[in-house]
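Close look at the chain arrangement
For reference, the chains in residue letters:
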Amino acid sequence: MRIDIISVAPDLLESPFNHSIVKRAKKKGLAEIVIHDLRTYGLGNYKQIDDTQFGGGAGMVMMIEPIANCIRKLQAERDYDEIIYMTPDAPTLNQSTANTLSLKENILILTGHYKGVDHRIRALFITKEISIGDYVLTGGELAAAVLVDAVVRLIPGVIGDEQSALTDSFQDNLLSPPVYTRPSDYEGSKVPEVLLSGNFPKIEDWRSEQAYERTQQIRPDLLK
């Protein structure tokens, strides 16, 4: 998979993609992540990328021309399965979306800034809009990093034990059950006996029950 990211602040994205599972995916050649500095496509001597909004109001808006020029250049080099805009006013990222995107070959992500992008960009180029929650960040870079991490870890071969990803929270619309490791008794706080029993059908039943109970307590909306 190749992921291209258009950003006003590309340095923000260097660290998240050079650690842990995403780094492993890159080293294995399973994921290629390329960051493009939008200011390269800015207008005039000052490489302008934003302007005041029509109709008045506080805040600057990212201009259509630099973004369009960047997207068109990238589209000339490859076909994108999705061109995604990270924005708070969009459907919220969930595990189903991450699963679907992990099967794609080429993804282009546009990160917003200021008051957002000229809406014509969204109408002309964007195929999917994604939010990571009902709050506003300074820019879309951290949101893009969250999306990339959620997607890349699902690419076959990235995680050594692929069953691990399949048992994560939200894969079956349930939260994960509690997990434990050694020691089995820590200052009187003990691991549930069923997990030490070696009876794997019973263990799976326990985990299913716990997943359902935790979901009912913490995220009952998922059960709907």
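Notes on the structure in this doc start here. (Residues numbered from 1 in each chain as written. Predicted model: local features only at pLDDT ≥ 70, side-chain atom pairs only at ≥ 80, totals over all residues. Heavy atoms only, no water.)

1. Notes on unusual backbone geometry
Definition in use: The secondary structure listing takes helices from DSSP runs of H or I that are at least 4 residues long and strands from runs of E that are at least 2 residues long, numbered from the N terminus. Summary of the burial criterion: residues with accessible area below 20% of their type's maximum are buried, those above 50% are exposed, and those between are partly exposed, where the area comes from a 1.4 Å probe applied to protein chains only.
With an omega dihedral of 0°, the bond running from Arg182 to Pro183 counts as a cis peptide bond. Mapped onto the elements of the fold, Pro183 is located in the loop between helix 6 (162-166) and strand 8 (185-186). Look at Lys47: it is not a glycine, yet its phi comes out positive at around 50°. Secondary-structure assignment places Lys47 in the loop between strand 2 (32-37) and strand 3 (50-52). Owing to a relative accessible area of 38%, Lys47 belongs among the partly exposed residues under this scheme. Positive phi, close to 50°, is recorded for Glu187, a residue that is not glycine. Within the element layout of this structure, Glu187 appears in the loop between strand 8 and strand 9 (189-190).

2. A closer look at the pairing of strand 5 (residues 82-86)
The condition that has to hold: Strands were regarded as paired on the criterion that DSSP finds at least two bridges between them. For the handedness criterion, the strands are oriented away from the viewer, and a crossover whose path from the first strand over the helix to the second runs clockwise is classed as right-handed.
Burial within strand 5 is extensive, with five of its five residues counted as buried. By the alternation rule, side chains of strand 5 split into Glu82, Ile84 and Met86 and Ile83 and Tyr85, which are all buried. Bridging between strand 5 and strand 6 (residues 106-111) involves five bridges; their strand directions are parallel. Within the sheet, the bridge partner assigned to Glu82 lies in strand 6 and is Ile107. Handedness of the β-α-β unit built from strand 5, helix 3 (residues 95-101) and strand 6 comes out right-handed. Strand direction decides the pairing type here: strand 5 and strand 7 (residues 128-130), joined by three bridges, are parallel. Each residue of the ladder has a partner; that of Met86, found in strand 7, is Ile130.

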